Amino acid sequence: MKKIIALVLVLCLALAASAALAEDLVLKIAHIGPQTGGAAVYGLATYRGAKIAADEISDADNGIKVELLNEDDTHDAEKAVNAYNNVMEQGAQMIVGTTTTAPCIAVGAKAFEERVFMLTPSASSTDVTADKDNVYQLCFTDPNQGSASAAVINEKKLGTKIAVIYNNADAYSTGIYQTFKTKAEDLGLEIVSTTTFTDETTDFSVQVADAKDKGADLVFLPIYYTPASQILIASSSIGYTPTFFGVDGMDGILTLEGFDTSLAEGVMLLTPFVADAKDELTVNFVAKYQEQYKEVPNQFAADAYDCIYAMVEAAKIAGVQTGDAAEDICDNMIAAMQQLKITGLTGAMTWSANGEVDKVPTAMIIKDGKYVGLDN
Amino acid sequence: MVFLSNLVNGISLGSIYAIIALGYTMVYGIAKMLNFAHGDVIMVGAYIVFCAAQYWNLPPVLCVIAAMLVCTLLGITIEKLAYKPLRQATGLAVLITAIGMSYLLQNTALLIWGANPKVFPSLFALDTIWLFNGQLAIKPETLITIAANIVIMTALTLFIAKTKTGKAMRCVSEDRGAAELMGINVNRTISVTFAIGSALAAIAGLLLCSSYPQLMPTTGSMPGIKAFTAAVFGGIGSIPGAMLGGVLLGVIEIFGKAYISTELGDAIVFAVLIIVLLVRPTGLLGKPIREKV
């Protein structure tokens, strides 16, 4: 009996030794985002996207394993800082997140002091990266989207009288609106109606009626798809059919459960990710996501997926080793990000020193329930 | 015409507030407690209708009945588990429990139905009514909501005035201790009140989501708070007051947004509440409470 036990022990030792010989690089990346509460849809999407990327990399047997930690911040700045403290205690080396802007600003400040590298998939305000060399963005910044939208509307002559409906309780929406307004004025576009709403708004009749009264032929919606769906429904109920133009937050409107997608016909939007795209990368990702989570991924999931790949590539350039402390690798990661060129689900990306991503937003139009390039 | 269409929108929103406010005021008037979970029972009701219509393909009438049954059971269960043990506790303890219950319901809904918002199916196969050469649109949902309000208000008033249970409710409302001494089963009366309030919540959920077809776990909370405001505005405990307060509040909200500022819409609503409470602390139709010295 003793002999058998000894044999087993020896075998175990041998196995452990051979595993150690392979010396997989283990990266501990922590995801922080809202997974309960009103913004849960975004945090769940980023977590799932990141998880798929982490599993893919770990399963590929290329000598790299990604260990993904996860914390819920309920879209609350204070809880996000607690979540950050938790993952740092668990030995996180870098952070993918946070998903939403306000918590990201709070966590970013703390991480800046403690020298922890962060790459956010979706917090798009410029406040997220301002004065912090350790925070990088993978999504477009709000100013970028606002001025790009105005430029596209002007260039393609999509409308002469423009109405804007935006969420004035939301930094994302307000940020895009402000740069849109500045750029539109520069280009000589006429904004005839500007109305607002908040996260709690249930009734959009006033906003839509104002746009209709002022004779707007294009309504710019720098908002997320949920209120956008309500605006489309309210417009159709009073027989108002202008051109609707959205930004990346509009993505998801076609997969909204119960929504009559014929109302979204002709809606235009700027988005970096299209779930219907036919390239291999997107098709694989969408298939995996649908299999695991029974829904079509939105751009948040795609951004987070790209984040993990970008971080792994940057970690390779930076020469990160298993078990390195977060504060020791932060500066190398920052340097690596600026050299990094990567093509992911959301296009080809490079980063500038202030942490903002450089990629091209594409204008899309919804035709027959699918996204089609505006130029096609 | 713009004024008229704003008025119609205001009445449409207001009648939704009114129907939610009826549930608040009914429970407050009899059990003397603010059931802050009412808005979330509405959300559950709306989800049941959604599932019944979308997944089980039931006809609209059965959807509503299913939602009413589930909400009634839910209301009674909440009352038995969370509020009944606190019958002798201070009002504050019950209030905090109700807020806790509200969060419990929201997060349970999040677990069951997920965070993704859903668009509520249209159950009423009716067309929008166009007046004045197509310049004024009246949605069928608005008319149905107003009709439902009037029917429910009348039925509730008659129920409380004419039936034996209604009489017991009035007794419990006036003096719980004395009612018990007179042989009225106070616990059962309060349970019945909750059952009716919750069944109303199911109808309110259906009408709320039919007019504003967005459904997520937090759907009930803001309309719930606004409806509570409406109930206080009209005089909490008063059934016609809830109706009046609801409709007025909706009209004020829409007019405030249309003629003052969309940014201040909610601020205007709550400012009105503060002013009404300063001038008439018992609300528009509330009974003045005489303090005996």
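Residues numbered from 1 in each chain as written. Chains lettered and ligands numbered in written order. Predicted model: local features only at pLDDT ≥ 70, side-chain atom pairs only at ≥ 80, totals over all residues.

S.K.: Describe the overall build of chain A, listing the residues and the values that go with them.
M.R.: A count of helices and strands for chain A gives 11 helices and 15 strands. Seen through its principal axes, chain A has C-alpha atoms that stretch 90 × 40 × 35 Å. Within chain A, buried positions represent 52% of all 376 residues. (Helix = DSSP H or I, 4+ residues; strand = E, 2+ residues; numbered from the N terminus. Buried ≥ 20, exposed ≤ 12 C-beta atoms within 10 Å, placed from the backbone.)

S.K.: Account for the overall build of chain B, with residues named and values stated.
M.R.: Looking only at helices and strands, one finds 11 helices and four strands in chain B. Buried residues in chain B amount to 49% of all 293 residues. Sequence-distant contacts in chain B: of pairs separated by 6 or more residues, those separated by 24 or more amount to 76%. (Contact = placed C-beta atoms within 7 Å.)

S.K.: How would you explain the nonpolar core if you had to name every residue and give the values?
M.R.: With 208 residues, the main nonpolar core has Ile308, Met311 and Met333 of chain A together with Ala46 of chain B as its most contacted residues. Take this core: its biggest share by element is 15 residues, from helix α1 (residues 2–31) of chain B. Of the domains in this structure, domain 1 (20–140 + 280–358) and domain 2 (143–271) of chain A are the two that each give at least three residues to this core. Once residues within four sequence positions are removed from consideration, Ala46 of chain B is found in contact with Phe120, Gly205, Leu206, Leu208, Cys209, Leu215 and Thr219 of chain B. (Core = buried A, V, L, I, M, F, W, Y, C linked by C-beta atoms within 7 Å. Domains from an automatic or database assignment.)

S.K.: An account of the confidence of the model for chain A is requested, with residue identities and associated values reported.
M.R.: Counting all residues, the mean pLDDT for chain A is 87, and 93% of those residues have values of 70 or more. At the low end of the mean pLDDT range in chain A sits helix α1 (residues 2–22) of chain A, at 57; at the high end sits strand β4 (residues 117–120) of chain A, at 95. (pLDDT = per-residue confidence, 0-100.)

S.K.: Can you break down the domain arrangement of chain A residue by residue, with the values?
M.R.: All names here are of chain A. Split into domains, chain A comes out as domain 1 (20–140 + 280–358) and domain 2 (143–271). A straight line from the C-alpha centre of domain 1 to that of domain 2 covers 30 Å. Facing 11 residues of domain 1, the contacting portion of domain 2 comprises 12 residues.

S.K.: So, the sheet that holds strand β7 (residues 190–197) of chain A: which residues are in play, and what are the values?
M.R.: Residue and element names in this part refer to chain A. The sheet built from seven strands is open, its strands ordered β7-β6-β8-β9-β10-β14-β15 with mixed pairing. Looking at strand neighbours, the two that pair on one side only are β7 and β15 (370–373), the edges of this open sheet. Averaged over all adjacent pairs, the angle separating strand axes in this sheet is 25°, with direction ignored. Direction of pairing for strand β6 (residues 161–167) relative to β7: parallel, over a ladder of seven bridges. Bridging from a neighbouring strand, Lys161 pairs with Glu190 of β7. Sheet strands touched by helix α6 (residues 171–187): β6, β7 and β8 (218–221). Its angle to β6, the strand with the most contacts, is close to 160°. Relative to the sheet, helix α7 (residues 205–213) contacts β6, β7 and β8, its axis offset from that of β7 by approximately 175°. (Pairing = 2+ DSSP bridges. Axes fitted to C-alpha atoms, helices over the stretch in contact; angles between N-to-C directions.)

S.K.: Explain the interface of chain A and chain B residue by residue, including any values.
M.R.: Across the contact, 30 residues belong to chain A and 30 residues belong to chain B. If you list the elements that add at least two residues to the side of chain A that touches chain B, you get α2 (40–59), β7, α7 and α8 (225–237) of chain A. Residue classes in the side of chain A that touches chain B are distributed as 10 nonpolar, 15 polar and five charged. (Nonpolar A, V, L, I, M, F, W, Y, C, P; charged D, E, K, R; others polar.)

S.K.: Give a detailed account of the sheet that holds strand β11 (residues 342–344) of chain A, specifying residues and quantitative values.
M.R.: Note: strands within a sheet are paired through backbone hydrogen bonds, in either parallel or antiparallel orientation. Residues and elements named next belong to chain A. The three strands lie next to each other as β11-β12-β13, forming an open sheet whose pairing is antiparallel. Single-partner strands in this sheet number two, and they are β11 and β13 (357–358). Where strand β12 (residues 347–351) and β13 come together, two bridges link them in antiparallel fashion. Paired with Thr350 across the strands is Asp358, a residue of β13.

S.K.: If you had to explain the packing of helix α3 (residues 60–83) of chain B against helix α8 (residues 186–211) of chain B to someone new, which residues and values would you point to?
M.R.: Residues and elements named next belong to chain B. Relative orientation of the contacting elements α3 and α8 amounts to 140°, with a least axis distance of 7 Å. On the basis of their axis angle, the class for α3 and α8 is oblique. Where α3 crosses over α8, the two elements pack in a sense that is right-handed. Facing Val64, Ala67, Met68, Cys71, Thr72, Leu74, Gly75, Ile76 and Glu79 of α3, the residues of α8 in contact are Ile190, Ser191, Phe194, Ala195, Gly197, Ser198, Ala199, Ala201, Ala202, Ile203, Gly205 and Leu206. (Parallel < 35°, antiparallel > 145°, perpendicular 65-115°, else oblique. Left-handed = near helix turned anticlockwise from the far one by under 90°.)

S.K.: Which residues make up unusual backbone geometry, and what are the values?
M.R.: The omega torsion across Gly97 of chain A and Thr98 of chain A is -5°, close enough to zero to call that bond cis. Mapped onto the elements, Thr98 of chain A comes out in the loop between β3 (94–97) and α4 (101–114). At His75 of chain A, a position not held by glycine, the phi torsion is positive, near 60°. With respect to the element layout, His75 of chain A can be found in the loop between β2 (64–72) and α3 (77–89). One non-glycine residue, Lys32 of chain B, lies in the positive phi region at around 55°. Residue placement: Lys32 of chain B occurs in the loop between α1 and α2 (38–54). Look at Lys32 of chain B and you get partly exposed, because 14 C-beta atoms sit within 10 Å.

S.K.: Would you mind going over the pairing of β6 of chain A in detail, with residue names and values included?
M.R.: Residue and element names in this part refer to chain A. Counting buried residues along β6, six of its seven residues qualify, which places the element largely inside the surrounding structure. Taken together, β6, α6 and β7 form a β-α-β motif whose crossover is right-handed. Relative to β8, β6 runs parallel, the two being bridged by three bridges. Of the residues in β8, the one forming a bridge with Ile162 is Leu218. (Right-handed = clockwise from strand over helix to strand, strands pointing away.)

S.K.: Hey, could you go over the pairing of β15 of chain A for me, with residue numbers and the actual values?
M.R.: All names here are of chain A. Sheet analysis places strand β14 (residues 362–367) next to β15, joined by four bridges and oriented antiparallel. Bridge pairing in β15 places Ile365 opposite Val372. What sits between β14 and β15 in their antiparallel hairpin is a turn of two residues, with Asp368 showing a positive phi close to 50°.

S.K.: Lay out the environment of Thr179 of chain A in plain terms, naming residues and giving numbers.
M.R.: Residues and elements named next belong to chain A. Along the polypeptide, Thr179 turns up in helix α6. A tally of 21 C-beta atoms within 10 Å means that Thr179 is categorised as buried. Distance from Thr179 to Ile165, taken between C-alpha atoms, is 14 Å for residues 14 residues apart in sequence. With residues near it in sequence (within four places) discarded, Thr179 still touches Asp142, Pro143, Gly146 and Ser147.

S.K.: Describe in detail the packing of helix α5 (residues 140–162) of chain B against helix α10 (residues 239–260) of chain B, supporting the description with residues and values.
M.R.: Residues and elements named next belong to chain B. Two elements in contact, α5 and α10, have axes whose closest approach is 9 Å; the angle formed by their N-to-C orientations is 160°. By the angle between their axes, α5 is roughly antiparallel relative to α10. For the pair α5 and α10, the sense of crossing is right-handed. Judged by residue contacts, Asn149, Met153, Leu156 and Thr157 of α5 engage Ile239, Pro240 and Met243 from α10. Residue composition of the contact of α5 with α10, grouped by class: five nonpolar, two polar and no charged.

S.K.: With reference to specific residues and values, describe the environment of Met311 of chain A.
M.R.: All names here are of chain A. As for its placement among the helices and strands, Met311 is situated in helix α10 (residues 299–318). Between the C-alpha atom of Met311 and that of Ser149, which follows or precedes it by 162 residues, the distance is 29 Å. Not counting residues up to four positions away in its chain, the partners in contact with Met311 are Ile29, Met94, Val96 and Leu119.

S.K.: Describe the environment of Arg115 of chain A, with residues and values.
M.R.: Residue and element names in this part refer to chain A. If you trace the backbone, Arg115 turns up in the loop between α4 and β4. Taking the C-alpha atoms as reference points, Arg115 and Val208, separated by 93 residues in sequence, lie 47 Å from one another. Beyond its immediate chain neighbours, meaning those up to four positions away, Arg115 contacts Asn134, Glu327 and Cys330.

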